[in-house]
Amino acid sequence: HKIGYGLGDEGGCMTLAIMGSTISMYCTDALKIDTALLAILLAVWNVWDFINDPLMGAFMDKSFAKKHNPKGKFRPWLLRMCAPVAISSFLIYQSAFADRSLAFKVAWLFVTYVLWGSIFYTSINIPYGSMASAISAQPKDRQSLSTYRSIGATLAGTVIGVVVPLAAYRRINGRDVL
């Protein structure tokens with residue numbers, strides 16, 4: 001259970017690590033969005049996440065209490081949000097829109113990023129973190145599961161932080177870009 005729990009979070013955190021390590025370069029190099037505007041967007045997203053995450057947690061708690069599911073109260077969220085996370089991750093990085101107006105690119109980026117991070121990824125991450133309480137009622141076991149989850153997240157960040165740049169960076173116009 002512990003290794004599986006850690007590997008599950010490793011998979012989830014890979015999406016987060018890829019997004020965190022590439023979104024700024026993609027926005028500035030591929031979409032040609034000014035860094036000051038990108039900084040404002042990132043600040044707005046982070047403030048929204050500060051508000052949204054507790055709301056999503058409360059929503060999920062209430063929805064869990066209303067229905068009993070034989071697969072558990074967390075697994076349905078994980079299963080139903082996998083495809084939306086993947087699709088929204090893909091939609092964010094649409095370089096075909098690079099020649100569109102700045103307003104279009106910013107609106108597209110804002111909507112797809114909010115869908116990805118504030119709705120779909122959060123709808124996986126919150127139940128995943130809460131799942132330890134469903135796996136065991138023992139505090140010692142929960143603490144151990146949390147440690148394995150942290151190890152999985154660290155492995156994901158390390159793999160993405162080391163392997164992706166080595167595999168994905170290339171030279172365009174004399175400059176290294178993704």
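Scroll up a little and you will see the structure.
Everything in this summary refers to the structure shown in the same document. In this text the structure is predicted, and so the values were computed from the model without any measurement.

So, on to the overall build of the protein. In terms of regular secondary structure, the protein is built from five helices and two strands. Going from the N terminus to the C terminus, the protein shows its helices and strands as α-α-α-α-α-β-β. Counting the 178 residues in the protein, one finds 33% classified as buried. Within the protein, contacts between residues separated by at least 24 positions form 77% of all contacts whose residues are at least 6 apart in sequence. Surface accessibility of the protein: about 10,600 Å² in total, with carbon and sulfur atoms responsible for 66%.

Attention shifts here to the packing of helix 1 (residues 2–30) against helix 3 (residues 75–92). Packed helices, taken two at a time, are described by the angle their axes make and the gap between the axes. Across the interface, helix 1 lies against helix 3 with an axial gap of 11 Å and an inter-helix angle of 15°. It follows from the interaxial angle that helix 1 and helix 3 lie roughly parallel. Here helix 1 and helix 3 pass one another in a crossing that is left-handed. Between helix 1 and helix 3, the residues in contact are Thr15, Met19, Ile23 and Tyr26 and Val85, Ser89 and Ile92, respectively. Along the lines of polarity and charge, the residues of the contact of helix 1 with helix 3 split into five nonpolar, two polar and no charged.

What counts and what doesn't
- Starting from 1, residues in each chain are numbered consecutively following that chain's sequence as written.
- A pLDDT threshold of at least 70 governs which residues receive local features in this predicted model, and a stricter bar of 80 or more applies before side-chain atom pairs are shown or counted, although totals over entire chains, interfaces and linings include all residues.
- Heavy atoms from the whole structure form the basis of all side-chain values; hydrogens and water molecules are not counted.
- Numbering goes from the N terminus for both helices and strands, where a helix is a DSSP run of H or I of at least four residues and a strand is a run of E of at least two.
- Relative accessible area decides the class of each residue, using a 1.4 Å probe on protein chains only: under 20% of the type maximum gives buried, over 50% gives exposed, and in between gives partly exposed.
- The contact criterion used throughout is that any non-hydrogen atoms of two residues lie within 4.5 Å.
- Shrake-Rupley sampling with a 1.4 Å probe provides the accessible areas, and residues are treated as covered by the protein chains on show and by no other component.
- To define axes, lines are fitted to C-alpha atoms, for helices over the stretch in contact only, and angles between the resulting N-to-C directions are given on a 0 to 180 degree scale.
- What sets the label is the angle itself: under 35 degrees gives roughly parallel, over 145 gives roughly antiparallel, 65 to 115 gives roughly perpendicular, and the rest give oblique.
- Take the far helix as your reference; a near helix turned counterclockwise from it by less than a right angle gives a left-handed crossing, and one turned clockwise gives a right-handed crossing.
- Think of it as three bins: nonpolar holds Ala, Val, Leu, Ile, Met, Phe, Trp, Tyr, Cys and Pro, charged holds Asp, Glu, Lys and Arg, and polar takes everything else, Gly as well.

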